[in-house]
Amino acid sequence: MAYWLLKSEPESFSIDDLRQKPNGIDAWDGIRSYQARNFLKTMQLGDLAFFYRSSCPVPGIVGTVKVVKTAYPDKTAWNPNEAHYDPKSTPERPIWYCVDVQWLSTFKDVIALRTLRQIPELKTMQLLQKGNRLSVTPVTAQEWKRIEALCLTFPQAQAFKKRL
DNA sequence: GCCAACGTTGGC
DNA sequence: GCCAACGTTGGC
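With an unreviewed UniProt entry as reference, chain A is termed EVE domain-containing protein, source organism Candidatus Glomeribacter gigasporarum BEG34.

Shown next as structure tokens:
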């Protein structure tokens, strides 16, 4: 089982948007970076991911999700009306892929990027590396555990633990 | 709004 | 295949 971090801008897709989908499940689509796509393709059923919100007043981790469907062609790439339309990708030769994720938990408080930077054990996080722009990054088991420990100080910790 | 970092494009 | 120009991301 692997751990990940998925970025999303709350103005386009928030963790509440995901939670309100049927069964809290939706496609993590619109990824148009080869590096990020390659990570998507290595995801396995049951992998866990942090939901990170970016481009907002307090960027940070807001909850967790689970991979419930492994990589399959991203249909939004074929639709000219979609923001992430890419004519180079076709149903016959798809370039872009997505996975399905299911909402697991929303933290009572965001774990701000600013907070993450202050934790010595998290210095290795890909998210925190200089110039990192990848919207899909791997998280090590140690990093996951360290952040989970942070979560357990939050009031909603019980719910979080139960769901995992 | 600024700008650093980085990926992509396209001329050569 | 090089690399300058350009576009995008995303924190601040």
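## Topic: the pattern of salt bridges
This model, assessed by the stated rule, comprises 5 salt bridges. Aspartate 16 is the partner of arginine 19 in a salt bridge, and the nearest nitrogen-oxygen pair spans 3.0 Å. Taken together, the positions of arginine 19 and aspartate 16, both in helix α1 (residues 15-19) and 3 residues apart, correspond to about one turn of that helix. A salt bridge links lysine 21 to aspartate 26; its shortest N-O distance comes to 3.9 Å.

## Thoughts on the protein's contact with DNA strand C
Around DNA strand C, the neighbouring residues are Lys7, Tyr52, Ser54, Ser55, Pro59, Leu113, Arg117 and Arg133. Within the side chain of lysine 7, a nitrogen or oxygen atom sits 3.0 Å from a phosphate oxygen of DNA strand C. Tyrosine 52 places a polar side-chain atom, nitrogen or oxygen, 2.7 Å from a phosphate oxygen of DNA strand C. Here the surface near DNA strand C is composed, by residue class, of 3 nonpolar, 2 polar and 3 charged.

## Some points on the packing of aromatic side chains
Summed over the entire model, instances satisfying the criterion amount to 6 aromatic pairs. For the ring pair phenylalanine 13 and tryptophan 28, a centre distance of 6.1 Å and an interplane angle of 85 degrees mean the geometry is edge-to-face. Taken together, the residues span a long stretch of sequence, with phenylalanine 13 in the loop between β1 (3-8) and α1 and tryptophan 28 in strand β2 (residues 25-28) at a distance of 15 residues. For tryptophan 28, a relative accessible area of 5% translates into the label buried. When the ring centre of tryptophan 103 is taken as reference, the NZ or CZ atom of arginine 19 above it lies at 5.6 Å. One cation-aromatic arrangement involves lysine 41 over tyrosine 97; the distance from NZ or CZ to the ring centre is 4.3 Å.

## Structural notes on the side chain of arginine 37
On the secondary structure map, arginine 37 appears in helix α2 (residues 34-42). This buried residue, arginine 37, is left without a salt bridge; aspartate 86 holds the nearest opposite charge, at 9.0 Å. Of note is the side chain of arginine 37, whose polar atom sits 3.1 Å from the backbone oxygen of isoleucine 95. Excluding residues that lie within four positions of it along the chain, arginine 37 makes contacts with Ile31, Ile95, Trp96 and Tyr97.

## Side note on the sheet that holds strand β5 (residues 97-112)
The pairing of strands in a sheet comes from backbone hydrogen bonds and takes either a parallel or an antiparallel form. Reading across the sheet, the 6 strands line up as β2-β5-β4-β3-β1-β6 and stay open at both edges, with mixed pairing between neighbours. Looking along the sheet, the strands with just one partner apiece sit at the ends: β2 and β6 (136-139). Mean inter-strand twist for the sheet, computed between neighbouring axes without regard to direction, equals 40 degrees. Note that strand β3 (residues 48-53) and strand β4 (residues 60-73) share 6 bridges and pair antiparallel. Within β4, the position partnered with tyrosine 52 by the bridge is isoleucine 61. The sheet strands contacting α2 are β1, β2, β4, β5 and β6, and the helix crosses β5 at an angle near 100 degrees.

## Topic: α2
Ala36, Arg37 and Leu40 are the residues of α2 that are buried. Each buried residue of α2 sits inside an arc of 100 degrees when the element is viewed along its axis, so together they form one side.

What counts, and where the lines are drawn
- Residues numbered from 1 in each chain as written.
- Chains lettered and ligands numbered in written order.
- Predicted model: local features only at pLDDT ≥ 70, side-chain atom pairs only at ≥ 80, totals over all residues.
- Heavy atoms only, no water.
- Salt bridge = Lys/Arg side-chain N within 4 Å of Asp/Glu carboxyl O.
- Helix = DSSP H or I, 4+ residues; strand = E, 2+ residues; numbered from the N terminus.
- Near = heavy atom within 4 Å.
- Polar contact = N/O pair within 3.5 Å; in protein donor to acceptor, adjacent residues only side chain to side chain.
- Nonpolar A, V, L, I, M, F, W, Y, C, P; charged D, E, K, R; others polar.
- Phe/Tyr/Trp six-rings, centres within 6.5 Å; stacked < 30°, edge-to-face > 60°.
- Buried < 20%, exposed > 50% of the residue type's maximum accessible area, 1.4 Å probe, protein only.
- Lys NZ or Arg CZ within 6 Å of the ring centre and 35° of its normal.
- Lys, Arg positive; Asp, Glu negative; His and termini not counted.
- Contact = heavy atoms within 4.5 Å.
- Pairing = 2+ DSSP bridges.
- Axes fitted to C-alpha atoms, helices over the stretch in contact; angles between N-to-C directions.
- Arc of directions from axis to C-beta.

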